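# Observations on the three-dimensional arrangement
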Amino acid sequence: MTRATRATLNLRALQHNLTVARRHASDSRLMAIIKANGYGHGMIEVAQALDDADAFGVATLDEAIALREAGIPQSIVLLEGFVREDDLRLIDGFQLQPVIHHPDQIAILEQASGPALDVWLKVDTGMHRLGVAPAEVAATLSRLLGCPRVARVRLMTHLANADDHEDDFTLEQIRRFETLDDLSVTARSIANSAGILGWPQAASDWARPGIMLYGVSPFNNSVGEQHDLRPVMTLRSQLIAVNRHQAGEPIGYGGSWRCPEDMPIGVAAIGYGDGYPRHVPSGTPVLINGKRVPIVGRVSMDMLCVDLRNCPKAAIGDEVILWGEGLPVEEIAEAAGTIGYELLCKVTARVGFDYIHE
Ligand SMILES: *Cc1c(COP(=O)(O)O)cnc(C)c1O
(Lines give C-alpha, C1' and ligand atoms only; values in the text may rest on other atoms or scores of the structure.)
Protein backbone atom coordinates (compact mmCIF):
# COMPACT_ATOMS: atom_id res chain seq x y z
CA MET A 1 0.00 0.00 0.00
CA THR A 2 1.21 3.51 -0.73
CA ARG A 3 1.74 5.85 2.17
CA ALA A 4 -1.45 7.35 3.57
CA THR A 5 0.08 10.82 3.75
CA ARG A 6 -1.72 12.52 0.89
CA ALA A 7 -3.35 15.77 -0.11
CA THR A 8 -6.89 15.86 -1.46
CA LEU A 9 -7.49 18.72 -3.88
CA ASN A 10 -11.13 19.61 -4.29
CA LEU A 11 -11.53 21.17 -7.72
CA ARG A 12 -15.21 21.89 -7.10
CA ALA A 13 -14.18 24.09 -4.18
CA LEU A 14 -11.66 25.83 -6.44
CA GLN A 15 -14.38 26.58 -8.99
CA HIS A 16 -16.68 27.80 -6.23
CA ASN A 17 -13.98 30.18 -5.01
CA LEU A 18 -13.63 31.62 -8.52
CA THR A 19 -17.35 32.41 -8.49
CA VAL A 20 -16.85 34.20 -5.15
CA ALA A 21 -14.16 36.33 -6.83
CA ARG A 22 -16.57 37.02 -9.71
CA ARG A 23 -19.28 38.09 -7.30
CA HIS A 24 -17.00 40.62 -5.61
CA ALA A 25 -15.40 41.85 -8.84
CA SER A 26 -18.51 41.66 -10.98
CA ASP A 27 -17.38 44.34 -13.44
CA SER A 28 -13.86 42.98 -13.81
CA ARG A 29 -12.24 40.27 -15.78
CA LEU A 30 -10.33 37.75 -13.69
CA MET A 31 -6.68 36.84 -14.06
CA ALA A 32 -6.39 33.73 -11.88
CA ILE A 33 -2.97 33.65 -10.25
CA ILE A 34 -1.51 30.15 -10.36
CA LYS A 35 2.23 30.77 -9.84
CA ALA A 36 4.32 28.48 -7.64
CA ASN A 37 2.61 25.37 -8.98
CA GLY A 38 -0.84 26.81 -8.34
CA TYR A 39 0.11 27.79 -4.76
CA GLY A 40 1.21 24.17 -4.31
CA HIS A 41 -2.04 22.64 -5.64
CA GLY A 42 -0.77 21.50 -9.05
CA MET A 43 -0.72 24.25 -11.66
CA ILE A 44 -2.04 22.30 -14.65
CA GLU A 45 -4.94 20.71 -12.78
CA VAL A 46 -5.82 24.10 -11.30
CA ALA A 47 -5.72 25.82 -14.71
CA GLN A 48 -7.87 23.10 -16.29
CA ALA A 49 -10.44 23.35 -13.49
CA LEU A 50 -10.50 27.15 -13.76
CA ASP A 51 -11.39 27.15 -17.45
CA ASP A 52 -13.80 30.00 -16.68
CA ALA A 53 -10.89 32.35 -15.80
CA ASP A 54 -10.26 35.12 -18.33
CA ALA A 55 -6.46 34.84 -18.05
CA PHE A 56 -3.78 33.24 -15.92
CA GLY A 57 -0.89 34.89 -14.11
CA VAL A 58 2.37 33.06 -13.41
CA ALA A 59 5.79 34.09 -12.14
CA THR A 60 8.12 32.29 -14.51
CA LEU A 61 8.55 31.51 -18.18
CA ASP A 62 8.78 27.78 -17.37
CA GLU A 63 5.38 27.89 -15.69
CA ALA A 64 3.86 29.66 -18.69
CA ILE A 65 5.37 27.18 -21.15
CA ALA A 66 4.10 24.23 -19.11
CA LEU A 67 0.58 25.71 -19.31
CA ARG A 68 0.79 26.15 -23.08
CA GLU A 69 2.15 22.63 -23.51
CA ALA A 70 -0.83 21.36 -21.53
CA GLY A 71 -3.09 23.11 -24.03
CA ILE A 72 -4.27 26.01 -21.86
CA PRO A 73 -5.72 28.54 -24.34
CA GLN A 74 -6.25 31.66 -22.20
CA SER A 75 -3.98 34.68 -22.08
CA ILE A 76 -1.00 34.02 -19.81
CA VAL A 77 0.67 36.93 -18.04
CA LEU A 78 4.30 36.71 -16.91
CA LEU A 79 4.13 38.70 -13.67
CA GLU A 80 7.89 39.24 -13.53
CA GLY A 81 8.31 39.88 -17.23
CA PHE A 82 11.60 38.80 -18.74
CA VAL A 83 15.29 39.40 -18.19
CA ARG A 84 17.10 38.40 -21.39
CA GLU A 85 16.54 38.83 -25.09
CA ASP A 86 16.44 35.02 -25.46
CA ASP A 87 13.33 34.97 -23.29
CA LEU A 88 11.55 37.05 -25.91
CA ARG A 89 11.66 34.28 -28.48
CA LEU A 90 9.79 32.00 -26.08
CA ILE A 91 7.35 34.78 -25.21
CA ASP A 92 6.63 35.19 -28.95
CA GLY A 93 6.45 31.47 -29.61
CA PHE A 94 4.06 30.72 -26.75
CA GLN A 95 2.08 33.96 -27.08
CA LEU A 96 2.66 35.23 -23.56
CA GLN A 97 2.03 38.69 -22.13
CA PRO A 98 5.04 39.99 -20.21
CA VAL A 99 4.85 42.55 -17.43
CA ILE A 100 7.23 45.42 -18.18
CA HIS A 101 8.57 46.80 -14.92
CA HIS A 102 12.02 48.18 -15.83
CA PRO A 103 13.50 50.34 -18.61
CA ASP A 104 16.05 47.61 -19.39
CA GLN A 105 13.20 45.47 -20.65
CA ILE A 106 12.08 48.22 -23.01
CA ALA A 107 15.62 48.51 -24.35
CA ILE A 108 15.51 44.79 -25.15
CA LEU A 109 12.13 45.17 -26.86
CA GLU A 110 13.46 48.06 -28.94
CA GLN A 111 16.41 46.04 -30.19
CA ALA A 112 14.71 42.72 -30.91
CA SER A 113 12.79 42.02 -34.08
CA GLY A 114 9.61 39.99 -33.97
CA PRO A 115 5.84 40.30 -33.64
CA ALA A 116 4.04 42.99 -31.64
CA LEU A 117 3.17 41.80 -28.11
CA ASP A 118 0.48 42.75 -25.65
CA VAL A 119 2.24 43.88 -22.48
CA TRP A 120 1.41 45.08 -18.98
CA LEU A 121 3.22 48.12 -17.60
CA LYS A 122 3.79 47.77 -13.87
CA VAL A 123 3.42 50.94 -11.82
CA ASP A 124 5.11 51.19 -8.44
CA THR A 125 2.50 52.95 -6.30
CA GLY A 126 4.29 52.21 -3.04
CA MET A 127 5.13 48.51 -2.79
CA HIS A 128 8.67 49.38 -3.96
CA ARG A 129 9.39 45.95 -5.31
CA LEU A 130 8.84 46.10 -9.08
CA GLY A 131 7.62 48.89 -11.28
CA VAL A 132 7.95 52.35 -12.72
CA ALA A 133 7.22 55.39 -10.50
CA PRO A 134 3.91 57.15 -11.32
CA ALA A 135 5.80 60.26 -12.48
CA GLU A 136 7.66 58.16 -15.06
CA VAL A 137 4.65 56.33 -16.42
CA ALA A 138 3.58 58.80 -19.14
CA ALA A 139 7.05 58.88 -20.71
CA THR A 140 7.49 55.11 -20.35
CA LEU A 141 4.13 54.53 -21.97
CA SER A 142 4.93 56.65 -25.00
CA ARG A 143 8.26 54.90 -25.37
CA LEU A 144 6.45 51.54 -25.28
CA LEU A 145 3.78 52.63 -27.73
CA GLY A 146 6.50 53.86 -30.08
CA CYS A 147 8.11 50.43 -30.12
CA PRO A 148 7.14 48.17 -33.07
CA ARG A 149 7.40 45.15 -30.74
CA VAL A 150 4.51 46.45 -28.61
CA ALA A 151 0.81 46.13 -29.47
CA ARG A 152 -1.54 46.88 -26.57
CA VAL A 153 -0.39 48.25 -23.21
CA ARG A 154 -2.29 47.69 -19.97
CA LEU A 155 -1.43 49.25 -16.62
CA MET A 156 -1.16 47.35 -13.37
CA THR A 157 -0.06 47.92 -9.80
CA HIS A 158 0.20 45.75 -6.70
CA LEU A 159 -1.08 46.50 -3.20
CA ALA A 160 1.39 46.12 -0.35
CA ASN A 161 -0.81 46.29 2.77
CA ALA A 162 -4.29 45.33 1.61
CA ASP A 163 -4.38 42.36 4.01
CA ASP A 164 -4.84 44.88 6.86
CA HIS A 165 -8.30 46.50 6.74
CA GLU A 166 -7.12 49.31 9.00
CA ASP A 167 -4.17 50.39 6.88
CA ASP A 168 -4.88 53.54 4.85
CA PHE A 169 -1.82 52.97 2.69
CA THR A 170 -4.02 50.94 0.34
CA LEU A 171 -6.13 54.04 -0.35
CA GLU A 172 -2.95 56.03 -0.93
CA GLN A 173 -1.76 53.46 -3.48
CA ILE A 174 -5.13 53.58 -5.25
CA ARG A 175 -4.97 57.39 -5.27
CA ARG A 176 -1.51 57.32 -6.84
CA PHE A 177 -2.74 54.90 -9.51
CA GLU A 178 -5.72 57.17 -10.23
CA THR A 179 -3.35 60.04 -11.12
CA LEU A 180 -2.75 57.98 -14.29
CA ASP A 181 -6.44 57.87 -15.27
CA ASP A 182 -5.96 60.15 -18.27
CA LEU A 183 -3.37 57.98 -19.98
CA SER A 184 -4.59 56.01 -22.94
CA VAL A 185 -4.16 52.35 -22.11
CA THR A 186 -6.52 49.52 -22.97
CA ALA A 187 -7.07 48.26 -19.40
CA ARG A 188 -5.99 48.57 -15.76
CA SER A 189 -5.55 46.18 -12.85
CA ILE A 190 -5.08 46.76 -9.11
CA ALA A 191 -6.62 44.15 -6.84
CA ASN A 192 -5.18 40.89 -5.49
CA SER A 193 -7.40 38.72 -3.25
CA ALA A 194 -7.28 41.18 -0.35
CA GLY A 195 -8.18 44.02 -2.72
CA ILE A 196 -11.09 42.02 -4.18
CA LEU A 197 -12.56 41.03 -0.81
CA GLY A 198 -11.72 44.07 1.28
CA TRP A 199 -11.25 47.16 -0.86
CA PRO A 200 -14.06 47.93 -3.34
CA GLN A 201 -12.12 51.10 -4.23
CA ALA A 202 -9.53 48.82 -5.87
CA ALA A 203 -11.99 47.58 -8.50
CA SER A 204 -10.70 48.00 -12.06
CA ASP A 205 -10.89 46.29 -15.46
CA TRP A 206 -8.96 43.25 -14.29
CA ALA A 207 -8.70 41.64 -10.84
CA ARG A 208 -5.95 39.19 -9.93
CA PRO A 209 -7.21 36.68 -7.35
CA GLY A 210 -4.62 34.27 -5.95
CA ILE A 211 -4.91 32.90 -2.42
CA MET A 212 -8.72 33.25 -2.27
CA LEU A 213 -9.06 30.75 -5.13
CA TYR A 214 -7.49 28.15 -2.88
CA GLY A 215 -10.04 28.91 -0.16
CA VAL A 216 -7.75 30.85 2.14
CA SER A 217 -8.41 34.28 3.62
CA PRO A 218 -5.88 36.93 2.62
CA PHE A 219 -6.53 38.82 5.87
CA ASN A 220 -4.69 38.41 9.13
CA ASN A 221 -7.88 38.21 11.21
CA SER A 222 -10.23 35.85 9.38
CA VAL A 223 -10.40 32.43 7.76
CA GLY A 224 -11.67 31.57 4.29
CA GLU A 225 -15.04 30.30 5.45
CA GLN A 226 -15.93 33.79 6.71
CA HIS A 227 -15.67 34.98 3.11
CA ASP A 228 -17.71 32.05 1.72
CA LEU A 229 -14.49 30.41 0.50
CA ARG A 230 -13.99 26.64 0.64
CA PRO A 231 -10.61 25.05 1.31
CA VAL A 232 -9.23 23.29 -1.76
CA MET A 233 -6.39 21.34 -0.16
CA THR A 234 -6.90 18.89 2.69
CA LEU A 235 -3.66 17.39 3.96
CA ARG A 236 -4.10 13.96 5.55
CA SER A 237 -2.14 11.19 7.13
CA GLN A 238 -2.88 8.36 9.53
CA LEU A 239 -1.93 7.08 12.96
CA ILE A 240 0.81 4.48 12.66
CA ALA A 241 1.12 3.86 16.41
CA VAL A 242 -0.78 4.44 19.63
CA ASN A 243 1.33 3.96 22.76
CA ARG A 244 0.81 4.50 26.49
CA HIS A 245 3.45 6.51 28.31
CA GLN A 246 3.84 7.31 31.97
CA ALA A 247 3.69 10.61 33.81
CA GLY A 248 6.97 12.50 33.37
CA GLU A 249 8.13 10.70 30.19
CA PRO A 250 9.51 13.00 27.47
CA ILE A 251 8.06 12.82 23.95
CA GLY A 252 10.19 13.22 20.81
CA TYR A 253 13.46 15.03 20.01
CA GLY A 254 14.86 17.12 22.82
CA GLY A 255 12.18 15.95 25.23
CA SER A 256 10.60 19.40 24.96
CA TRP A 257 7.25 18.04 26.17
CA ARG A 258 6.61 15.58 29.02
CA CYS A 259 3.49 13.57 29.82
CA PRO A 260 1.65 15.23 32.71
CA GLU A 261 0.04 11.88 33.57
CA ASP A 262 -0.13 8.29 32.28
CA MET A 263 -1.65 8.76 28.84
CA PRO A 264 -2.02 7.55 25.24
CA ILE A 265 0.23 9.14 22.60
CA GLY A 266 -0.53 8.75 18.92
CA VAL A 267 2.08 8.89 16.17
CA ALA A 268 1.00 10.33 12.80
CA ALA A 269 3.01 9.56 9.66
CA ILE A 270 3.68 13.13 8.58
CA GLY A 271 6.44 15.60 9.35
CA TYR A 272 8.49 18.46 7.98
CA GLY A 273 9.74 16.17 5.19
CA ASP A 274 6.18 16.39 3.88
CA GLY A 275 6.00 20.14 4.32
CA TYR A 276 4.28 20.23 7.69
CA PRO A 277 5.94 23.15 9.55
CA ARG A 278 8.50 22.05 12.13
CA HIS A 279 8.07 25.20 14.18
CA VAL A 280 4.51 24.71 15.43
CA PRO A 281 4.37 24.62 19.23
CA SER A 282 2.88 21.82 21.32
CA GLY A 283 -0.88 22.40 21.39
CA THR A 284 -1.25 23.00 17.65
CA PRO A 285 -4.33 20.99 16.59
CA VAL A 286 -4.81 18.12 14.18
CA LEU A 287 -8.18 16.46 13.49
CA ILE A 288 -8.71 12.80 14.32
CA ASN A 289 -12.15 11.32 13.79
CA GLY A 290 -13.52 14.85 13.63
CA LYS A 291 -11.99 15.84 16.98
CA ARG A 292 -9.26 18.40 17.59
CA VAL A 293 -6.25 16.79 19.16
CA PRO A 294 -3.06 18.67 20.18
CA ILE A 295 0.41 17.96 18.80
CA VAL A 296 2.94 17.31 21.58
CA GLY A 297 6.73 17.59 21.34
CA ARG A 298 8.72 18.51 18.28
CA VAL A 299 7.59 17.70 14.78
CA SER A 300 10.08 15.21 13.22
CA MET A 301 10.89 14.73 9.54
CA ASP A 302 8.41 11.90 8.96
CA MET A 303 6.26 11.81 12.08
CA LEU A 304 4.62 13.87 14.76
CA CYS A 305 3.08 12.90 18.11
CA VAL A 306 -0.35 13.78 19.44
CA ASP A 307 -2.01 13.73 22.85
CA LEU A 308 -4.91 11.26 22.61
CA ARG A 309 -6.43 11.84 26.06
CA ASN A 310 -9.50 13.46 24.46
CA CYS A 311 -9.74 10.81 21.80
CA PRO A 312 -9.34 7.51 23.70
CA LYS A 313 -10.84 5.37 20.92
CA ALA A 314 -8.28 6.52 18.35
CA ALA A 315 -6.51 3.51 16.83
CA ILE A 316 -3.75 2.65 14.39
CA GLY A 317 -4.91 3.43 10.86
CA ASP A 318 -7.24 6.27 11.86
CA GLU A 319 -7.12 9.31 9.62
CA VAL A 320 -5.34 12.45 10.78
CA ILE A 321 -6.16 15.76 9.07
CA LEU A 322 -3.43 18.38 9.30
CA TRP A 323 -5.31 21.19 7.54
CA GLY A 324 -8.14 21.73 5.09
CA GLU A 325 -11.74 20.51 5.58
CA GLY A 326 -12.60 21.19 9.23
CA LEU A 327 -9.25 22.72 10.19
CA PRO A 328 -8.30 26.00 8.46
CA VAL A 329 -4.71 26.22 7.21
CA GLU A 330 -4.78 29.83 8.45
CA GLU A 331 -4.84 28.50 12.02
CA ILE A 332 -1.85 26.21 11.50
CA ALA A 333 0.02 29.00 9.71
CA GLU A 334 -0.54 31.33 12.63
CA ALA A 335 0.80 28.69 15.04
CA ALA A 336 3.86 28.32 12.79
CA GLY A 337 4.43 32.08 12.61
CA THR A 338 3.72 32.26 8.90
CA ILE A 339 0.86 32.60 6.42
CA GLY A 340 -1.30 29.98 4.70
CA TYR A 341 0.34 30.83 1.36
CA GLU A 342 3.67 29.43 2.57
CA LEU A 343 2.29 26.20 4.01
CA LEU A 344 0.33 25.44 0.83
CA CYS A 345 3.36 26.07 -1.39
CA LYS A 346 5.66 23.92 0.71
CA VAL A 347 3.94 20.53 0.62
CA THR A 348 6.71 18.28 -0.71
CA ALA A 349 6.77 15.94 -3.69
CA ARG A 350 6.47 12.73 -1.64
CA VAL A 351 2.92 13.67 -0.66
CA GLY A 352 0.58 12.07 -3.18
CA PHE A 353 -2.14 14.29 -4.67
CA ASP A 354 -5.72 13.14 -5.24
CA TYR A 355 -7.98 15.38 -7.32
CA ILE A 356 -11.70 15.21 -6.56
CA HIS A 357 -14.84 17.12 -7.63
CA GLU A 358 -17.22 17.39 -4.66
C1 LIG B 1 0.78 36.71 -6.35
C2 LIG B 1 0.20 37.91 -6.99
C3 LIG B 1 -1.19 38.16 -6.95
C4 LIG B 1 -2.15 37.31 -6.14
O5 LIG B 1 -2.05 37.68 -4.77
P6 LIG B 1 -2.99 36.99 -3.66
O7 LIG B 1 -2.65 37.71 -2.42
O8 LIG B 1 -2.57 35.56 -3.61
O9 LIG B 1 -4.37 37.17 -4.13
C10 LIG B 1 -1.68 39.23 -7.66
N11 LIG B 1 -0.86 40.04 -8.36
C12 LIG B 1 0.48 39.85 -8.40
C13 LIG B 1 1.32 40.78 -9.19
C14 LIG B 1 1.04 38.79 -7.72
O15 LIG B 1 2.36 38.61 -7.76
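Residues numbered from 1 in each chain as written. Predicted model: local features only at pLDDT ≥ 70, side-chain atom pairs only at ≥ 80, totals over all residues. Heavy atoms only, no water.

## Topic: the UniProt feature "active site" (unreviewed entry) in the protein chain
Mapped onto this numbering, the UniProt entry annotates "active site" (unreviewed entry) at K35 and Y253. With a sequence span of 219 residues, these residues are also far apart in the fold, their greatest C-alpha distance being 35.6 Å. Summarising the element assignment, K35 is placed in helix α2 (residues 35-39). K35 has contacts with G57, V58, A59, E63 and L79, leaving out every residue within four places of it along the chain. Tracing the backbone through its elements, the reader meets Y253 in the loop between β11 (250-251) and β12 (257-258). If near-sequence neighbours (up to four positions away) are discounted, Y253 is found in contact with R298 and S300. (UniProt positions renumbered as here; feature names shortened; annotations may be inferred. Helix = DSSP H or I, 4+ residues; strand = E, 2+ residues; numbered from the N terminus. Contact = heavy atoms within 4.5 Å.)

## Some thoughts on the site of the ligand
Residues in contact with the ligand amount to 13 residues; listed here are only the nearest, K35, Y39, S193, I211 and Y341. The separation between a nitrogen atom of the ligand and a polar side-chain atom of R208 is 2.9 Å. Take G210: an N or O atom from its main chain is 2.9 Å from an oxygen atom of the ligand. Taking 390 Å² as the accessible area of the ligand by itself, protein coverage stands at 92%. (Near = heavy atom within 4 Å. Polar contact = N/O pair within 3.5 Å; in protein donor to acceptor, adjacent residues only side chain to side chain. Areas by Shrake-Rupley, 256 points an atom, 1.4 Å probe, with all protein chains shown as cover.)

## Here's the deal with the nonpolar core
With 112 residues, the main nonpolar core has Y276, I288 and W323 as its most contacted residues. Looking at which element gives the most residues to this core, the answer is helix α1 (residues 11-24), with six residues. Each of two domains, domain 1 (26-208) and domain 2 (233-356), supplies a minimum of three residues to this core. In contact with Y276, not counting residues within four places along its chain, are I270, G271, T284, P285, I295, V299, L304, L322, W323 and I332. Counting residues in each nonpolar core, the second largest holds nine residues, with W257, C259, I265 and V267 among its members. (Core = buried A, V, L, I, M, F, W, Y, C linked by side-chain atoms within 4.5 Å. Buried < 20%, exposed > 50% of the residue type's maximum accessible area, 1.4 Å probe, protein only. Domains from an automatic or database assignment.)

## What about the side chain of S222?
Among the secondary structure elements, S222 is positioned in the loop between β9 (206-207) and β10 (233-245). A relative accessible area of 12% places S222 in the buried class. Within polar-contact distance, the side chain of S222 engages the side chain of S217 at 2.7 Å. Among the polar contacts made by the side chain of S222, one reaches the side chain of H227 at a distance of 2.7 Å. Each residue touching S222, except ones within four places of it in the same chain, is listed here: S217, H227 and E330.

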